[in-house]
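Chain residues, written in single-letter form:
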Amino acid sequence: MRKSKKSGINIMRFDNLNEHTVYAIGGISLLVSHIAYLTIFSILSVKPMIYYNIFSVTFYIGMLVLLYKRPYRKRLVLATLVEVMVHSCLGCYTMGWDMGFGTMLLFLIPIPFYLPLRRLMTPYLFSLVPFALYVAIAAQVKFRAPSAELYTFKDPTINNIVYFINISFAALILLYISSIYMFSRELMRFKLTSKNESLKKLATIDPLTQLFNRRAMNEYLKLVQHNCERSGKGYAVCIGDIDDFKKVNDKHGHSMGDEVLRQIASVIAHTVPAEGYAARWGGEEFLFIIPNADASCGAELSEKIREDIYKKNFRSDNGNFRVTITVGICRGNPGDDIEKVISLADHRLYQGKQTGKNKTVV
């Protein structure tokens, strides 16, 4: 298997931010906002808005308690939208259109599209409500007598301050909902990438040895051949087969046989250079290829692998044992058919088996 620096997929830091926390942040923000409204309206002595904001503060305190119960969460979000719409309409009625309460209704129009509502038409239906209220209030203002509001202020500074506060709170609500949507989208993208990487790994990696499987190796062989033709340099193909592996399974058990395969694969993976590739070619057979190398380089590498494997001492209930490996090597040149090169390496492996095993044959 080609060796490279491991790089994990970075799951975004809000991955552990649970649903309750997200809703709680919104609830606390709205609670603080209505406490601020209550303070402002108390200073201005706007009684209808004082009474309504006392209700709103109570509502959001109750909302924060009920958020612990998952079935209520979506209903509470919709109730929140209703509360904000009533607040906007009451503000327009008591203090006038120019205070910015009506503009808040416009900010509510896109919010249902960010919510996890099941039916496709539901966001459109909910968005129609603030839009219809905005149009109705705007139409009423046109045919309404001047200064028909319950509370008016001669100082334009007060009007400007209330207007700025309304616009700011409305923008913050939209920013909060949009941020949740963006974070959820990014998190989903990262998880999807992670899932695709896992599926890709399952499709290319042998689960037992963690080397490339034969299918993936065939693709890398094409890449090596292509690069060889471009650079004009050759490559070394090495095929190794564990000697008498059937005896290991018969005497020591298949679980020990699997451990032998894992240990040998580890030796190969750590010995093959970074630009090389290694795979479990089939059963107890391994193939590794070294680009920009000749047969002598392949022989040197294979000898080191063979010696390191022989040094390993395996233990089972039936006693300690060692295993050996025989390797066949063939050099490939630009223009060579890589399948024929592999076939020649396999033929030399067979020669090694016939002439004593535990050797490399060039």
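The coordinates are above.
Each chain has its residues counted from 1, following the order in which its sequence is written. With pLDDT at 70 or above as the cut-off, local features in this predicted model cover only qualifying residues; side-chain atom pairs require 80 or more to be listed or tallied, and sums for whole chains, interfaces and linings still use all residues. Think of the side-chain values as coming from all heavy atoms in the structure, minus any hydrogens and water.

A.B. asks: Lay out the packing of aromatic side chains in plain terms, naming residues and giving numbers.
C.D. replies: What counts as a ring pair is set by centres within 6.5 Å for rings of Phe, Tyr and Trp (its six-membered ring), and what kind of pair is set by the plane angle: stacked under 30 degrees, edge-to-face over 60, tilted for all other angles. Overall, the coordinates contain 12 aromatic pairs when judged by the stated rule. With 6.5 Å between their ring centres and 40° between their planes, F212 and Y277 make a pair best called tilted. One end of the pair, F212, is in the loop between α6 (156–204) and α7 (214–231); the other, Y277, is in strand β2 (residues 277–282), with 65 residues separating them in the sequence. Residue F212 shares its accessibility class with Y277, and that shared class is buried. Each ring, one from F314 and one from F321, has its centre 5.5 Å from the other, and the planes form 20°; the classification is stacked. Grouping residues by exposure puts F314 and F321 together as buried. Grouped by ring-pair contacts, the aromatic residues Y37, F41, F101 and F169 constitute a single cluster. Strands here are runs of E lasting at least two residues and helices are runs of H or I lasting at least four, both read from the DSSP assignment and numbered beginning at the N terminus. When a residue's accessible area, from a 1.4 Å probe over protein chains only, is under 20% of the maximum for its type it is buried; when over 50% it is exposed; and in between it is partly exposed.

A.B. asks: Give me the lowdown on the sheet that holds strand β6 (residues 325–332), citing residues and values where you can.
C.D. replies: Pairing is mixed in the open sheet, where 5 strands are placed in the order β2-β3-β1-β6-β7. Each edge of the open sheet carries a strand with a single partner, namely β2 and β7 (360–361). Summarising the sheet, β2 and strand β3 (residues 285–291) pair through 5 bridges and their orientation is antiparallel. Looking at β3, one finds that A279 is bridged to L287. Throughout, a contact is declared for two residues whenever any of their heavy atoms are within 4.5 Å. In this description, a line fitted to the C-alpha atoms serves as the axis of each element, helices being fitted only across the stretch in contact, and the angle between N-to-C directions of two axes falls anywhere from 0 to 180 degrees. Relative to the sheet, α7 contacts β1 (235–242), β2 and β3, its axis offset from that of β2 by approximately 135°. Across the face of the sheet, helix α10 (residues 295–311) comes into contact with β1, β3, β6 and β7 while running at roughly 165° to β6. By this definition, two strands are paired if DSSP reports at least two bridges between them.

A.B. asks: Before we move on, can you summarise α10 with the specific residues and values?
C.D. replies: Over its 17 residues, α10 extends 24 Å from the first C-alpha to the last, a length consistent with the 24 Å expected when each residue adds 1.5 Å. Among all positions in α10, only A295, G298, A299, L301, S302, I305, R306 and I309 are buried. Elements that come into contact with the buried residues of α10 comprise β1, α9 (254–271), β3, β6 and β7. Each residue after the first adds 1.5 Å to the expected span of a helix.

A.B. asks: Can you explain the pattern of salt bridges? Please cite residues and give values.
C.D. replies: Here, a salt bridge means any side-chain nitrogen of Lys or Arg that lies within 4 Å of a carboxyl oxygen of Asp or Glu. Here the structure, examined in full by the defined rule, presents 9 salt bridges. Here D206 ties to R280 by a salt bridge, and the two come within 3.4 Å at their closest N and O atoms. With D206 in the loop between α6 and α7 and R280 in strand β2, this pair connects stretches of sequence that are 74 residues apart. Since its relative accessible area comes to 18%, R280 is described here as buried. We note a salt bridge from D250 to K246, for which the minimum N-O separation is 2.9 Å.

A.B. asks: Which residues make up the packing of α9 against α10, and what values go with them?
C.D. replies: Close contact between α9 and α10 brings their axes to 10 Å; oriented N to C, the two are set at 145°. Relative to α10, α9 is oriented so that their crossing is right-handed. Seen from α9, the contacting residues are I264, V267, I268 and T271; seen from α10, they are L301, K304, I305, D308 and I309. Each residue is assigned to one of three groups, with Ala, Val, Leu, Ile, Met, Phe, Trp, Tyr, Cys and Pro labelled nonpolar, Asp, Glu, Lys and Arg labelled charged, and all others, Gly among them, labelled polar. Here the contact of α9 with α10 is built from residues that sort into 6 nonpolar, 1 polar and 2 charged. By definition, any crossing whose near helix is turned counterclockwise from its far helix by less than a right angle is left-handed, and any crossing with a clockwise turn is right-handed.

A.B. asks: So, unusual backbone geometry: which residues are in play, and what are the values?
C.D. replies: Despite not being glycine, D244 shows a phi value in the positive range, around 50°. Here D244 is to be found in the loop between β1 and α8 (245–252). For D244, a relative accessible area of 34% gives the class partly exposed. A positive phi angle is found at N292, which is not glycine, with a value near 55°. Inspection of the secondary structure puts N292 in the loop between β3 and α10. Residue classification places N292 among the exposed residues on the basis of a relative accessible area of 53%.

A.B. asks: Tell me what's going on with the packing of helix α2 (residues 47–66) against helix α3 (residues 73–95), and back it up with residues and numbers.
C.D. replies: Packing of α2 against α3 leaves a shortest axis separation of 11 Å and a crossing angle of 170°. Considered as vectors, α2 and α3 are oriented roughly antiparallel to each other. Where α2 abuts α3, its residues P48, M49, Y52, N53, S56, F59, Y60, M63 and L66 lie against L76, A79, T80, E83, V84, V86, H87, L90, G91, T94 and M95. The residue inventory of the contact of α2 with α3, partitioned by class, reads 13 nonpolar, 6 polar and 1 charged. Throughout, the term roughly parallel applies to angles under 35 degrees, roughly antiparallel to angles over 145, roughly perpendicular to angles from 65 to 115, and oblique to all others.

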